[in-house]
Amino acid sequence: MEKSFRVSKLCIVSVIIALVSVATIVTLWTMALTGGGDGDDVTAPWDSYRLPTGLLPDYYNVTLWPRLSCDPNTGLYIFTGQSTVEFECVKETDMILIHSNKLNYTKLDNTHFARLIAAGGGWAPSITSSWLQSETQYLVIQLNSKLTQKQKYQLHTEFSGELADDLEGFYRSEYEEGGVRKIVATSQMHPTHARKTFPCFDEPAMKAVFHITLIHPPGTVALSNGMETDIVNTTVDGVAVTQTRFERTEKMSTYLLAMVICDYTQLSATQGDTLIRVWARRTAIEQGQGSYALNVTGPILDFFQSYYNVSYPLSKADQIALPDFYFGAMENWGLVTYRETNLLYDPGTSSSRNKETTATIIAHELAHMWFGNLVTLRWWNEVWLNEGFASYVSYLGADHAEPAWDVKDLIILDDVHKVFAVDALTSSHPLSSEEDSIILPGQISEQFDAISYSKGAAVLRMLSDFLSEPVFVQGLSRYLQHFAYSNTVGNDLWHHLQMAVETNDVSLPAPVCTIMDRWVLQMGFPVVTLDTSTGQVSQKHFLLDPESDITVKSPYNFEWLIPVRWMKSGEVKRDIWWLLEKEAVNLEMRRGGLWVLANINVTGYYRVNYDLGNWERLLAQLRSEHQVIPVINRAQLVDDAFNLARAQMVSTTLALNTTLYLSVEAEYMPWQSALDNLDYYYLMLDRTEVYQPMQDYIKKLVTPLFLYFKSITSDWTLVPDRHTDQYNQVNAIRMACRTGVTQCQKLTTTWFKQWMETPQHNLIHPNLRSAVYCSAMAAGDEAEWEFGWSQFRNATVASEASKLMSALACSNNTQLLQRLLSYTLNSALIRKQDATSVITSVASNRVGQSLAWDFVREQWEHMFTEYGVGSFSFASLISGVTARFSTPAELQQLVEFEEKHRAAGFGSATLAVEQALERTRANINWLQQNKREILDWFKSQTGH
């Protein structure tokens, strides 16, 4: 006891000295920065969220050892590690700031958290103190003198951290296989979580080379960005382990680093000199779930090598499916991580939609191998260029791999129309922000939204169209070659595209930069109005709520330089016409008794309105011979009309009239466009007296489509040949059952009962399962729900589990929905990554809306703490549970919710809360103004 006491006293004295040292340094710095208290507010270096630019990393040597079993003393899973980073001093300083978050450091030589030496054996300053600045996530190292400019130094640290299940940094994922619980150590460094794994200069412009070594249990596999080069069985601290070293990475950003330790197996192939591997749980690989991903990866890689005219720069392309993963996928260079549902495809249980998802997400991630990884944007304020570009070209890559699908057209439904809804709010934001406005980790996470991905994709598609694809690709290739392994800002791309424009003598009304700044630096988009009686064309900032106040200033006064492709009564005009001012006249667009249609194939990011006479002629054309109008534009006319009506620019009656022709339409895109818009009517009206007349009208409209697919599939025994017909068959069944078509309800109930009777033999076609499961769950009760839950728990294919998980929220039994919501608090029942989608699925059920909202309000603090403030999912959670809000009482509840949690903040959902408030106010106004007109219209169509 006496000896123990003396040690404790020594420890206490040491801690006091250390604290006094740090306090003295902080005080001296504060005095220096504030001029000894003259009142100037100058931030200490460690209080700034941005790194100083005086130190630039060259390379890291990192060794990590995750423990895949729980520490019996602490009850925690941990990892230990050591890191040496060599950096160059480019500006003299006596302080080293390096990012570190939630790491515990070993005091080296019993003094400080790090050891500093000069590279090549020269002299290095001594460390006088080191401490952790948790708010700004730094390890701070104070030196006794300044580092020498142009000299290189090495900083060595030894540390430990928790291998938590928080899906950030180096984290733990779990699954069961053959009755055995298995642990995966995996990573998600993007955007700011590398610092939770090892100390690093964790900003995208701080590129370096990484030498990674992983220590892991014998029999497990270790993977990282580079190829495994040296695998040895050895002993560390008396424990038998395997040590795997990897080839050095290319020079890259910290957020692209990846490491996985697992008991997985793989499928492999080679494409040219590149080794392609798909990794997954052993049973998934044995069941062939990785084969499709392996088969499309090679062609997609080849496509991008050709498209960019730059070879794939790495020796291998690994892709791995993880049981727990927040994002859809992550483009780590050489080791892309995926949610299982996005990489694995089982022909026996996965739908054609799952197949398309796999192809397009693989294409999105592989597109980043060049655009984002080889060439990286300097800071997160221009995330849109990285994500928007990958989103756009993912359609091109998937189209190359699956040319029969016509997948390129689906960008209109999946991105353009989707983001129009967000970008038409005053709470939207420009694609690019000022660099100093995006500083905090929460602000960085908030940038990864529909604007960045979908508007980014739409605007780049428009740019490619008006430049022509060959010119666009030529400029892009030069850009990638010029900036390989370095960082850029958005204007660098415009500059290289402008050079391609000049090389090819492309005629533009202004330089690329001038045109694009209007689309990138101001929020929103225009509605172009054509008056075909005079040829007058005008533009105006389109807002869903015309009474809303715009508080954000635009540098261009909400005017755009707009490329207009158009046609007249079936004849497409060859040249683009540019609208360069608020108003202009195009005499060719005067009707002369013919209809005019603008924004052909929706290559432009804008909506189009017409004089009433032209609308009537377009609707008459739809009713008489709709195929004369391109299929994308048939979808556009419906979507534009409904949204123009919401903005009070055309009547609601005109919008509803665009759906009348659908009784003779069999194509997917116009139907999906109509259903997307009618879904808003359901959200607003399914708790009012309009609900039944609306149901009756849609039942009348969808019955011919249901019977059409019954006929072409020989009474549901065949699968339609065309990819989009398979999608529209699902729409036909989903809507026919939802609106009470007896034939449909009998069909789905019978199929589901047959499955319940023989659980091992599910004869429902994978394409139809989502619709059938939901319909049967809604029509059934506890027995169907319990069967669905049991099948979900036992599902071995992730996409099948996902379909069942969504269907469980279709029940009309509120007690069952309450149970499902409560399960989201238990990650053993519903994985953390899936919790928010389950809650929003319940909210989308008309009987589950209030349950989900009450649940979110009650559990918000728990979820906010448990899921991490940087999570993507909070924004979609807020959007999902408030989508139906359309009464003053609901608005008041939302206001109170925002006030209650304002102090703690909403993390990545901050903008979503603003948008929900704005949308709710707009919904209240819309309902007051339109409910009577809509009720009368539906009644007139159904003879009520």
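The structure presented is a predicted model; accordingly, all values stated were derived computationally and were not measured.

Thresholds, definitions, all that
- Residues numbered from 1 in each chain as written.
- Predicted model: local features only at pLDDT ≥ 70, side-chain atom pairs only at ≥ 80, totals over all residues.
- Heavy atoms only, no water.
- Pairing = 2+ DSSP bridges.
- Helix = DSSP H or I, 4+ residues; strand = E, 2+ residues; numbered from the N terminus.
- Axes fitted to C-alpha atoms, helices over the stretch in contact; angles between N-to-C directions.
- Disulfide = S-S within 2.5 Å.
- Buried < 20%, exposed > 50% of the residue type's maximum accessible area, 1.4 Å probe, protein only.
- Core = buried A, V, L, I, M, F, W, Y, C linked by side-chain atoms within 4.5 Å.
- Contact = heavy atoms within 4.5 Å.
- Salt bridge = Lys/Arg side-chain N within 4 Å of Asp/Glu carboxyl O.
- Parallel < 35°, antiparallel > 145°, perpendicular 65-115°, else oblique.
- Left-handed = near helix turned anticlockwise from the far one by under 90°.
- Phe/Tyr/Trp six-rings, centres within 6.5 Å; stacked < 30°, edge-to-face > 60°.

A. Region of the structure containing the sheet that holds strand β17 (residues 274–280). Across the sheet, which stays open at both edges, the 5 strands sit in the order β16-β17-β18-β20-β19 with mixed pairing between neighbours. Bordering the open sheet on either side are β16 (265–271) and β19 (329–330), each of which pairs with just one other strand. Note that strand β18 (residues 316–322) and strand β20 (residues 335–339) share 5 bridges and pair parallel. Counterpart to alanine 321 in the pairing with β20 is tyrosine 338.

B. Spotlight on the pairing of strand β8 (residues 152–162). In this structure, strand β2 (residues 78–89) lies alongside β8, joined through 11 bridges in antiparallel fashion. By the bridge assignment for β8, threonine 84 is matched with histidine 156. Of the strand pairs in this sheet, strand β5 (residues 115–118) and β8 are connected by 4 bridges, and their pairing is antiparallel. Paired with leucine 116 across the bridge in β8 is leucine 155.

C. Spatial organisation of the sheet that holds strand β29 (residues 583–585). The sheet built from 4 strands is open, its strands ordered β29-β24-β23-β31 with mixed pairing. The sheet terminates laterally at β29 and β31 (607–610), the two strands that pair on one side only. Shown here is a sheet whose adjacent strand axes are inclined to one another by a mean of 20 degrees, direction ignored. Looking at chain direction, strand β23 (residues 526–531) and β31 are connected through 4 bridges and run parallel. Following the sheet pairing, valine 527 is matched in β31 by arginine 607.

D. Broad picture of the state of the cysteines. Under the defined criterion, the tally for this structure stands at 2 disulfides. Residue pairing for cysteine 737: its cysteine sulfur links by disulfide to cysteine 744, the two sulfurs lying 2.1 Å apart. One quick way to see it: the torsion about the S-S bond of cysteine 737 and cysteine 744 is about -95 degrees, and its sign makes the bridge left-handed. Considered together, cysteine 737 and cysteine 744 belong to a single accessibility category, that of buried residues.

E. Region of the structure containing the nonpolar core. Formed by 312 residues in total, the largest nonpolar core has its most connected members in Tyr307, Tyr308 and Trp494. Tallying contributions element by element places helix α16 (residues 668–685) first for this core, with 12 residues. Setting aside its immediate chain neighbours within four residues, tryptophan 494 contacts Trp384, Leu385, Leu460, Leu463, Val512, Cys513, Met516, Asp517 and Val520.

F. Spotlight on the pattern of salt bridges. On inspection of all chains with the given rule, the structure shows 39 salt bridges. A salt bridge links aspartate 58 to lysine 152, with the nearest nitrogen and oxygen atoms 2.7 Å apart. With aspartate 58 in strand β1 (residues 55–66) and lysine 152 in strand β8, this residue pair connects regions lying 94 residues apart in the sequence. Residue aspartate 58 is classed as partly exposed on the basis of its relative accessible area, which comes to 25%.

G. The arrangement of the packing of α16 against helix α17 (residues 691–712) in detail. As a packed pair, α16 and α17 sit with axes 11 Å apart at the nearest point and diverge in direction by 165 degrees. One way to sum up the angle between α16 and α17 is to call them roughly antiparallel. Helix-helix and strand crossings are classified by hand; for α16 and α17 the assignment is left-handed. Here α16 contributes Trp671, Leu678, Tyr681, Tyr682 and Leu685 to the contact with α17, which in turn contributes Tyr691, Met694, Gln695, Ile698, Leu701, Val702 and Leu705.

H. Main features of the packing of aromatic side chains. Applying the stated criterion across every chain yields a total of 59 aromatic pairs. Aromatic pair phenylalanine 752 and tryptophan 755: ring centres 5.7 Å apart, planes at 85 degrees, arrangement edge-to-face. Of the two residues, phenylalanine 752 and tryptophan 755 are both situated in helix α19 (residues 742–757); the distance of 3 residues between them amounts to about one turn of the helix. Plain terms: the ring middles of tryptophan 755 and phenylalanine 787 are 4.9 Å apart, the flat faces sit at 85 degrees to each other, and that makes the pair edge-to-face. Taken together, the positions of tryptophan 755 in helix α19 and phenylalanine 787 in helix α21 (residues 782–794) put the pair 32 residues apart, joining distant regions of the chain. Exposure class is identical for tryptophan 755 and phenylalanine 787. Each is buried.

Such coordinate-based values are descriptive only and should not be taken to indicate function.
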